[in-house]
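Residue-level listing of the chains:
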Amino acid sequence: MNILVTGMSGLIGGLVRTRLDSRAKLSALNRQPVDSIPTTQADLADYGAIRPAFDGQEVVVHLAAKAGDHFTWDELLQTNVVGTRNVLEAAADAGCRRVIFASSGATVAGWEREEPYKSLAEARYDDVPAEWPMIRHDMATRPRGVYGATKVWGEAIGRHYANATSLSVICLRIGYVNAADRPSRPRDFAVWCSQRDITEAIERCVFAPEQKFDVLFANSRNRWGYRDLTHAEEAVGFVPRDAAEDHR
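Residues numbered from 1 in each chain as written. Predicted model: local features only at pLDDT ≥ 70, side-chain atom pairs only at ≥ 80, totals over all residues. Heavy atoms only, no water.

### Thoughts on helix α7 (residues 195-207)
Inference 1: The terminal C-alpha atoms of α7 lie 19 Å apart, and with 13 residues this matches the ideal 18 Å at 1.5 Å per residue to within 8%.
Inference 2: With respect to burial, α7 is a largely interior element, ten of its 13 residues being buried.
Inference 3: All of the buried residues in α7 are Q195, D197, I198, T199, E200, A201, I202, E203, C205 and V206. (Helix = DSSP H or I, 4+ residues; strand = E, 2+ residues; numbered from the N terminus. Expected span 1.5 Å × (residues − 1). Buried < 20%, exposed > 50% of the residue type's maximum accessible area, 1.4 Å probe, protein only.)

See below:
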């Protein structure tokens, strides 16, 4: 299988490279060269420059993004909005089969302003009820910040391309993945995702049976998590193997 990965030089991009290298022919769309990988160096906002990278590709794993609200609006607009639209347009035009869009838990992190999710995120476990309603993939989004809103838009434009073209689009709402590969702050025990679990989730999305559009959460098995993982198991067979509590 020919797979194009955008943002391969990032943390998750490097993990995906290691995971899929033996199962696919990989290429990269990146701002900088990726050692030993055929790389198209271009800005996602420049459609003409990125378009050739999609020829002959079957699956696109779109990881490149400006992540977080410390970026300016123009940076978020050009990369996360214009860039994501360009990736989907190029994939459709080139006849790719599927795009996996790296969405974010920030699309629903606004729920953390309300209880019991506020207590979960702040690790005030004495204030958390014995059970709490999980946030499902089909519930209303509540983005936290402009960054989260750009990811909501990315899911919406993905839905449009799945409806209007032959593309299959899977939006993966990724939890907190870090270089240390362990929770480091109180909130992490609710939203952490291990490096092993995120690569497992992406691999399962790549090789999942045909489906036109879906939205899935990708987190580890977090005792204090609030994002529902049952749909990810039903849709692509993703069952996380790691747990934040293992690192207490």
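That was the structure; now back to the text.
### Some details on the environment of A92
Inference 1: Structurally, A92 can be placed in helix α3 (residues 73-94).
Inference 2: Owing to a relative accessible area of 23%, A92 belongs among the partly exposed residues under this scheme.
Inference 3: Taking the C-alpha atoms as reference points, A92 and Y161, separated by 69 residues in sequence, lie 7.8 Å from one another.

### Concerning the pattern of salt bridges
When charged atoms on two side chains of opposite charge get close, those side chains can pair.
Inference 1: For the coordinates displayed, the defined rule picks out 22 salt bridges.
Inference 2: A salt bridge links R136 to D138; the nearest nitrogen and oxygen atoms lie 3.2 Å apart.
Inference 3: A single salt-bridge network, built from bridges that share partners, covers R19, R23, E200, E203 and R204. (Salt bridge = Lys/Arg side-chain N within 4 Å of Asp/Glu carboxyl O.)

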